[in-house]
Protein chains: 2
Amino acid sequence: MKFNLSQAEENYLKAIYSIGIDTGKSVNTNQIALKMKTKASSVTDMVKKLSDKGLVEHKKYKGALVTSKGESIAVSTLRSHRLWECFLVDTLEFNWDEVHDIAEQLEHIKSDSLVDRLDKFLNFPSYDPHGDPIPDKNGVIEHHKNVMLSSVDPEASCIVIGVKDSSSSFLKFLDNAGICLGKKIKVLTVEDFDQSMQLEIESKVITVSHQISKNLYVKK
Amino acid sequence: MKFNLSQAEENYLKAIYSIGIDTGKSVNTNQIALKMKTKASSVTDMVKKLSDKGLVEHKKYKGALVTSKGESIAVSTLRSHRLWECFLVDTLEFNWDEVHDIAEQLEHIKSDSLVDRLDKFLNFPSYDPHGDPIPDKNGVIEHHKNVMLSSVDPEASCIVIGVKDSSSSFLKFLDNAGICLGKKIKVLTVEDFDQSMQLEIESKVITVSHQISKNLYVKK
DNA sequence: TAAAATTTTTAGACAAGTCTAAAAATATTT
DNA sequence: AAATATTTTTAGACTTGTCTAAAAATTTTA
Ligand SMILES: [Mn+2]
Ligand SMILES: [Mn+2]
Ligand SMILES: [Mn+2]
Ligand SMILES: [Mn+2]
């Protein structure tokens, strides 16, 4: 079967797929509505449509999950999104906080070979500018282990490998704080009251809220 | 006033603008319908809408013309289209017959600086892969003089500078015939009956129909 | 210039995707 | 196990862009 999906359908599939990956469970209507910034009733309509096309499995009142066909479409949209983000940052020299909304449009361009040629031109990158893994041509994607800065113990050091939130405001905050991918962070203290953290970054000390620390992926 | 136009609106504006440039006269509903591959009634609806927005001037039963606001949007869509075609051919190494339909989608991506950054990355090209002039940042566009191969006299020589038809089938024919931009062509004879032409291209002689010769822009 | 042909517009319908408000089902409290 | 609260679905409406068929205007022909 040949799938020529609308942008809306692709966006919903991506949302259902990624919430499903995060939680491991069946995805609720309201969770989808929240992610898609739309109303539950619109979600119900779309889920029905995707279910009719065999792209999601849906049990009334019990939420939805992508099928394998649905997953492969969602993953290829993610691949396209992340490669375009690489292009925008590496080739066109956008800042990492400017590219998400543009990639949100570019990911839907229909062409048999466009994304693969882009991949080749970019020299087959493994991660996008926000540290998210890029699926390969066959849809194989590495799932990283989701260690957040918020779970690092006092005195321990780690390296920033990704951001959970790609919003412009969060990324601008990180720019100002001197935090970027690959940067080494040492956790000095964690405040018991609000879980805010004192961090040492290149011999400067700063304090960040839990809101910040739970949106940064780190390793080691 | 801020214009956030739909893809359909941008495509109609481009069509009305380019037919208007070609003919110099007010553009008929049926001409637009033909170019847009749609029905006259749909054109009437859209022309009304564009007229309400002040982007075209329309007199009932008398056709439409873009206003200066409409023209500047049409030209900036053309600029985007042609720069993306350059990118696809020069950077991603597509053949010139593969890029039109992809650029038709890419031209509608909304971003304040994307097209200008692309322009810079491509080193400010003046022509797209089909020989069409690329408007600059301010919407200034060179209009070339439209000399067709079909109007060249026997014994005269000329150089191919553009194609009027960007369809894949026409461009593939040209590839097979060894005709590309910059190629020198000598007209040997013109058949009186069907205006077919005998051409000499790099010491090979070929015959082409009027259909072909009237779709090639040449100079000298 | 009147009849015929053509072009353009109107009228009404439809599909996609969204929304609000109300009904139905499920989950949580007591 | 009811009563209450929450979630999800349905019902009906709206927008955008399209279509067919019919009416109206314009142009061409005779
Ligand atoms: Mn999207
Ligand atoms: Mn990203
Ligand atoms: Mn287009
Ligand atoms: Mn072109």
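Presented here is a report on the structure given in the accompanying data block.

About the cut-offs
Every residue gets a number counted from 1 within its own chain, in the order that chain's sequence is written. Think of it this way: whatever chain is written first is A, whatever ligand is written first is 1, and the rest follow in order. Local features in a predicted model are, by the rule used here, given only for residues with pLDDT of at least 70; side-chain atom pairs are given and counted only at 80 or more, and totals for whole chains, interfaces and linings are based on all residues. Calculated side-chain values reflect all of the structure's heavy atoms, with hydrogen atoms and water omitted. Only a single heavy atom is needed: when it lies within 4 Å of a molecule or strand, its residue is near that molecule or strand. Here a polar contact is taken to be a pair of N or O atoms separated by no more than 3.5 Å, where protein atoms must pair a possible hydrogen donor with a possible acceptor and residues adjacent in sequence count only if both atoms sit in side chains. Helix and strand definitions here come from DSSP, where helices need a minimum of 4 consecutive H or I residues and strands a minimum of 2 consecutive E residues; each element is numbered from the N-terminal end. The residue classification treats Ala, Val, Leu, Ile, Met, Phe, Trp, Tyr, Cys and Pro as nonpolar and Asp, Glu, Lys and Arg as charged. All others, Gly included, are polar. Residues count as neighbours in contact if any of their non-hydrogen atoms are within 4.5 Å of one another. When two parts are put together, the accessible area they lose, computed with a 1.4 Å probe and summed over both, is reported as buried area. Whenever Lys or Arg places a side-chain nitrogen within 4 Å of a carboxyl oxygen from Asp or Glu, that contact is recorded as a salt bridge. To line up the copies, we fit them by least squares on C-alpha atoms, keeping just the residues with pLDDT of at least 70 in both.

Moving on to the protein's contact with DNA strand C. Residues in contact with DNA strand C amount to 21 residues; listed here are only the nearest, Ser6(A), Thr38(A), Lys39(A), Lys49(A) and Lys60(B). Here, DNA strand C places atoms within 4 Å of the protein, and 76% of those atoms are sugar or phosphate. Here a phosphate oxygen of DNA strand C and a side-chain polar atom of Ser6(A) are 2.5 Å apart. A distance of 2.9 Å separates a phosphate oxygen of DNA strand C from a polar side-chain atom of His58(B). Broken down by secondary-structure element, the contributors of at least two residues to the surface near DNA strand C are α1 (7-23) and α3 (40-52) of chain A together with α2 (29-36) and α3 (40-52) of chain B. Of the residues that constitute the surface near DNA strand C, the class distribution is five nonpolar, 10 polar and six charged.

With 20 residues of chain A at the contact, the number on the chain B side is 20 residues. Here chain A and chain B share an interface that buries about 1,700 Å² over both sides, 69% of which is from carbon and sulfur atoms. It is Leu92(A), Gln105(A) and Arg117(A) that lose the most area in chain A upon contact with chain B, and together they represent 31% of the buried surface on that side. The tally of links between chain A and chain B comes to zero salt bridges. For the interface between chain A and chain B, the tally reads six residue pairs in polar contact (both at pLDDT 80 or more). Those elements that provide at least two residues to the side of chain A that touches chain B are α4 (68-91), α5 (100-106) and α6 (114-121) of chain A. Along the lines of polarity and charge, the residues of the side of chain A that touches chain B split into 11 nonpolar, five polar and four charged.

For the pair chain A and chain B, the relating rotation is 180 degrees, the translation along its axis is 0.0 Å, and the fit reaches an RMSD of 0.0 Å. The symmetry that links the two subunits is that of a two-fold axis. Considering only C-alpha atoms, the part of chain A nearest the rotation axis is Leu106(A), at 3.7 Å. Counting the interface residues of chain A, we find that 100% of their copies in chain B are interface residues as well, pointing to one common contact surface.

Nothing here speaks to function; it is geometry throughout.
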